[in-house]
Amino acid sequence: MNDVLNSNFLDNVIVMILQILTAITNVILFPINLLIDSLFPDFSAALGYITQFFDLVQQYLAWVLSFLGIPAVLVTLVLAYYLFSVTTTLGVWGVKLALKWIGHFT
Amino acid sequence: MKKPAILILFSALFSVVIMATDVAAVSYGDDYYVQSDGLNVSGRWIDYTKSPLEYHPCSSTDISGSYVSILSKAAKNDPAVDEYYQSFLRAIKNDGVWGAAQHHRQYSGVEYDEVIIAFSEDPNTVPIGFNSQMGIIATPLTNTNNSWKMFTIKGFVGNQTTRCGGDYTVTVETLGANQWAIFSTSPTAYVSHGDWLWVKTYFINAPINYPAGYEGKQINKTGVVKWASDSLTPAWSYAVDNKSLTVNSLLTDDQIDKYQIDVCLFQIPNNIQGDNFNEYVYDCKSRPPIEHEFEQLGNYNIIHRVQTVDGQWFDSARVLNIDGSTYNSTVGSAGSNKAILDSLGKISTNTHGLSNIITAPLGLLANLPNLANSCAPVTAPLGSLGNITFPCMTPIYQEKLGNLFTIWQIVLVGVFSYRMGLALFQKIKNISSPNDDRIEVVNL
């Protein structure tokens, strides 16, 4: 178990899932982004500061984690737990919904 | 009447003298070398439903800027090609000899293009020679271990369904007795075992034995500077040993000297915006290797840039996982996970518009596992008093508290794991309930 936690496998799986979510978000919101960019350029620029804010947070987060003595394993575990909550429950809910529909029509 | 006759006689004599000097200038081999503008490859497709079979040409593609990528890709799929490819990289890196030529051939009336890349790791291999029946050729050594090796990059041969839609084919061979790598065909060339129409030289970076009295053009010796922007090799190689990174350029010293190439290494955050990398450069040298010692383990996005004398940049990027292990680019550092991550990293992230609200926290979450291992001291400005620096505390805790800090971390992980275990159990219990329709989303 320790080997699994210390390896990059879990990290890579987490990053992969989040990258996929990011890519999907970009694809889904592409038309709205385009609309905001063209019609409300100032609003688009204001939204850009969100990224800068998170970049700023990122710069100091590593130090905060170090200050609190939080090990990387714990961060990975918490992240894995939340990703499980988000992805698996959504997947199961989708299956349940599909089964309900099938039951409704049969 | 005398004057015109003298003029005509004088003119005729002059013409004879000019012709004589002109003929004298064309010595053996002067017209063998023909320079190719590029390296074109084209396939063909055959309609098997027709009788007799119909042969159709496909359009040509210039691969002079991407042939290394094609070889690299083929090497990944074929161990035999990989063996040659590694030898090819060693030849480039260690002052071996190599050259490329454009072959134009025909089959059943359809003309097509192929490219050959001939090379040898031995810099003292037999020089390129001139042959009246062939043209400009690389001849084999008696000792085949040091002999010329050759890649042939061929176009796709399709059928009536696939037509031209297919990938390149790369074949390899080591030149043995009575075999030649032809770089340029002479006007009277006779190629006994093929259907070549003509061969033109792209470049030959090898010693060349010009014939005695040769007055033709000097053969182009360069052609190495161009490579695909997305290819890792042979632009550069890397070796990771624990936290040490060594980056080598795979260009030869001569090429670096001639083209005044600056090789720069960048270490940039994964969420870089825009294309101004200059603020992230940590080492830039006109003569590699570049060596760097990382302070922390983690994933690092490395961009290797080369600028040619004409100001054109060639980039290649790589996410390197500095995890305390030892590996290098030729052994194959990229596992399947990393390959997936690398390809996902190429998906352009929209850093504007509404998607920011969702992608920015996701980006932060994706970086969290790395952040925990990549603490940097925080500096706060205090005006006229100067700056105050807060060091990373983990090493200090470890040094001052020793086992007590380890116990703190174990307790922390234990308590959180227990709480998460309970929550996970409850969650699975809820999921198993057929009437539970709740959906959880990331609380942004």
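About the cut-offs
Here, residues in each chain are numbered from 1, in the same order as that chain's written sequence. To read the labels, note that chains go from A and ligands from 1, taken in the order they are written. In view of the model being predicted, local features appear only for residues whose pLDDT reaches at least 70, and side-chain atom pairs are presented and counted only at 80 or more, with totals across whole chains, interfaces and linings using the full set of residues. In computing side-chain values, all of the structure's heavy atoms are included and hydrogens and water are not. A helix here means a DSSP run of H or I that spans at least four residues, while a strand means a run of E at least two residues long, and both kinds are numbered starting from the N terminus. When a residue's accessible area, from a 1.4 Å probe over protein chains only, is under 20% of the maximum for its type it is buried; when over 50% it is exposed; and in between it is partly exposed. Between two residues, a contact is recorded if the distance between any of their heavy atoms is within 4.5 Å. Under the convention used here, a 1.4 Å probe and the Shrake-Rupley method define accessible areas, while residue burial counts only the protein chains that appear. At least two bridges found by DSSP between two strands is the condition for calling them paired. To obtain each axis, a line is fitted to C-alpha atoms, and for helices this fit is confined to the stretch in contact; angles are then taken between N-to-C directions over 0 to 180 degrees. What counts as a salt bridge is simple: a side-chain nitrogen of Lys or Arg found within 4 Å of a carboxyl oxygen of Asp or Glu. Patches here are clusters of residues that have more than 30% relative accessible area and form no salt bridge, with a 9 Å joining cutoff for like charges and a 5 Å cutoff for nonpolar side chains (Val, Leu, Ile, Met, Phe, Trp, Tyr). When two cysteine sulfur atoms lie within 2.5 Å, the pair is treated as a disulfide. Take the buried Ala, Val, Leu, Ile, Met, Phe, Trp, Tyr and Cys residues and link them wherever side-chain atoms come within 4.5 Å; each set so joined is a nonpolar core. By definition in this entry, angles of less than 35 degrees are roughly parallel, angles greater than 145 are roughly antiparallel, angles of 65 to 115 are roughly perpendicular, and the rest are oblique. Throughout this entry, Asp, Glu, Lys and Arg are counted as charged residues, while Ala, Val, Leu, Ile, Met, Phe, Trp, Tyr, Cys and Pro are counted as nonpolar. The remaining residues, Gly among them, count as polar. Only four residue types enter the tally: Lys and Arg on the positive side, Asp and Glu on the negative side; His and the chain ends are excluded. Polar contacts here mean pairs of N or O atoms no more than 3.5 Å apart (in protein, one a potential hydrogen donor and the other a potential acceptor; neighbouring residues in sequence count only if both atoms are side-chain atoms). pLDDT gives the predictor's per-residue confidence on a scale running from 0 to 100.

Asker: Break down the overall build of chain B for me, citing the residues and quoting the values.
Answerer: Counting its regular elements, chain B contains eight helices and 23 strands. Residue burial in chain B is summarised as follows: out of 444 residues, 41% are buried. Here the contacts in chain B between residues at least 6 apart in sequence split such that 62% fall between residues at least 24 apart. Summed over its atoms, the accessible surface of chain B is roughly 24,000 Å², and 55% of this surface lies on carbon and sulfur atoms.

Asker: Before we move on, could you go through the sheet that holds strand E13 (residues 196-205) of chain B and cite the residues and values that matter?
Answerer: Across a sheet, paired strands are connected by hydrogen bonds in the backbone, their directions being either parallel or antiparallel. Residues and elements named next belong to chain B. Spatially, E11-E9-E6-E5-E13 is the arrangement adopted by the five strands of the open sheet, whose pairing is antiparallel. Strands with a single pairing partner mark the edges of an open sheet, and in this sheet they are strand E11 (169-174) and E13. Within this sheet the neighbouring strands show an average axis-to-axis angle of 20°, counted without direction. Judged from the five bridges that link them, strand E6 (residues 110-120) and strand E9 (residues 149-154) form a sheet pairing that is antiparallel. Looking at E9, one finds that Ala-118 is bridged to Met-150. Packing against the sheet, helix H2 (residues 67-77) makes contact with strand E5 (97-107), E6, E9, E11 and E13, and its axis sits at approximately 100° to E9.

Asker: I'd like to hear about the pattern of salt bridges, residue by residue, with values.
Answerer: Residues and elements named next belong to chain B. Tallying each qualifying case throughout the model produces three salt bridges over all chains. For Lys-50, the salt bridge is made with Asp-47, and the minimal N-O distance between the two is 3.4 Å. Since its relative accessible area comes to 37%, Lys-50 is described here as partly exposed. Relative accessible area serves as the criterion here: at 7%, Asp-47 is assigned to the buried category. Residues joined by salt bridges that share partners form a network here, namely Asp-47, Lys-50 and Glu-54.

Asker: Any details on a nonpolar patch on the surface? Residues and values, ideally.
Answerer: All names here are of chain B. A cluster of nonpolar side chains, namely Leu-401, Leu-404, Ile-407, Val-411, Val-415 and Phe-416, defines an oily patch on the protein surface of about 550 Å² accessible area. In terms of residue count, the dominant contributor to the nonpolar patch is helix H8 (residues 403-432) (five residues). In this structure, Ile-407 sits in helix H8.

Asker: Requested: an account of the sheet that holds strand E2 (residues 44-47) of chain B, with residues and values cited.
Answerer: Residue and element names in this part refer to chain B. As summarised here, the arrangement of the three strands in space is E3-E2-E10, forming an open sheet in which the pairing is mixed. Every other strand in the sheet has two partners, leaving strand E3 (54-57) and strand E10 (157-159) as the edge strands with one partner each. Strand-to-strand twist across the sheet, computed as the mean angle between neighbouring axes with direction ignored, equals 25°. Pairing analysis gives three bridges linking E2 to E10, with the strands arranged parallel. Each bridged residue has a counterpart across the sheet, and for Trp-45 the counterpart in E10 is Gly-158.

Asker: So, the state of the cysteines: which residues are in play, and what are the values?
Answerer: All names here are of chain B. In the structure shown here, the tally under the stated rule is one disulfide over all chains. Across the disulfide, Cys-58 is cross-linked to Cys-164 (sulfur-sulfur distance 2.0 Å). Judged by the torsion about the S-S bond (-90°), the Cys-58/Cys-164 disulfide is left-handed. Here Cys-164 lies in the loop between E10 and E11 and Cys-58 lies in the loop between E3 and strand E4 (61-62), a separation of 106 residues in the sequence. Residue Cys-58 is classed as buried on the basis of its relative accessible area of 12%.

Asker: Account for the environment of Cys-58 of chain B, naming residues and giving values.
Answerer: With 99 residues separating them in the primary sequence, Cys-58 of chain B and Val-157 of chain B have C-alpha atoms 9.0 Å apart. Residues contacting Cys-58 of chain B, with those up to four places away along its chain left out, are Ser-42, Gly-43, Arg-44, Trp-45 and Cys-164 of chain B.

Asker: Describe the nonpolar core, and please don't skip the residues or the numbers.
Answerer: All names here are of chain B. Within the largest apolar cluster, 25 residues are counted, with the highest numbers of intra-cluster contacts made by Ile-63, Tyr-67, Tyr-85, Phe-88, Phe-151, Ile-153 and Val-170. Contributions of two or more residues to this core are made by H2, helix H3 (79-93), E5, E6, E9 and E13. What Ile-153 contacts, discounting residues up to four positions off in sequence, is Val-41, Ile-63, Tyr-67, Ile-70, Leu-71, Glu-114, Val-115, Tyr-168, Thr-169 and Val-170.

Asker: Would you mind going over unusual backbone geometry in detail, with residue names and values included?
Answerer: Residues and elements named next belong to chain B. A cis amide bond links Ser-51 with the next residue in sequence, Pro-52, at an omega value of 0°. Along the polypeptide, Pro-52 turns up in the loop between E2 and E3. Positive phi, close to 55°, is recorded for Asn-242, a residue that is not glycine. Within the secondary structure layout, Asn-242 lies in the loop between strand E14 (236-241) and strand E15 (244-249). Assessed through its relative accessible area of 40%, Asn-242 is described here as partly exposed.

Asker: Explain the packing of helix H4 (residues 72-105) of chain A against H8 of chain B to me, using residue names and the numbers behind them.
Answerer: Look at H4 of chain A against H8 of chain B: their axes get within 11 Å of each other, and the N-to-C directions meet at 0°. Here H4 of chain A lies roughly parallel to H8 of chain B, going by the angle between them. Residue-level inspection shows Leu-74, Leu-77, Val-78, Tyr-81, Phe-84, Ser-85, Thr-89, Val-92 and Lys-96 of chain A of H4 of chain A in contact with H8 of chain B, the latter providing Leu-412, Val-413, Phe-416, Ser-417, Met-420, Ala-423, Leu-424, Lys-427, Asn-430 and Ile-431 of chain B. Residue composition of the contact of H4 of chain A with H8 of chain B, grouped by class: 13 nonpolar, four polar and two charged.

Asker: Provide a residue-level description of the side chain of Lys-149 of chain B, including the pertinent values.
Answerer: All names here are of chain B. Along the chain, Lys-149 turns up in strand E9. It is Glu-121 that comes nearest to the buried, bridge-free Lys-149 among opposite-charge side chains, at 4.3 Å. There is a polar contact of 3.3 Å between the side chain of Lys-149 and the side chain of Ser-87. Each residue touching Lys-149, except ones within four places of it in the same chain, is listed here: Tyr-84, Ser-87, Ile-117, Ala-118, Phe-119, Glu-121, Glu-173 and Thr-174.

Asker: How would you sum up the environment of Leu-71 of chain B? Please name residues and give values.
Answerer: Residue and element names in this part refer to chain B. Topologically, Leu-71 is positioned in helix H2. With a relative accessible area of 0%, Leu-71 lands in the buried category. Separated by 82 residues in the primary sequence, Leu-71 and Ile-153 have C-alpha atoms spaced 8.3 Å apart. Ignoring anything within four residues of it in the chain, the contact list for Leu-71 reads Val-81, Tyr-85, Phe-88, Phe-151, Ile-153 and Val-170.

Asker: Please give an account of the confidence of the model for chain A that cites residues and values.
Answerer: Mean pLDDT over chain A stands at 76; residues scoring 70 or higher make up 90%. Within chain A, helix H1 (residues 2-6) of chain A has the poorest average pLDDT of any element, 53, and H4 of chain A the best, 81.

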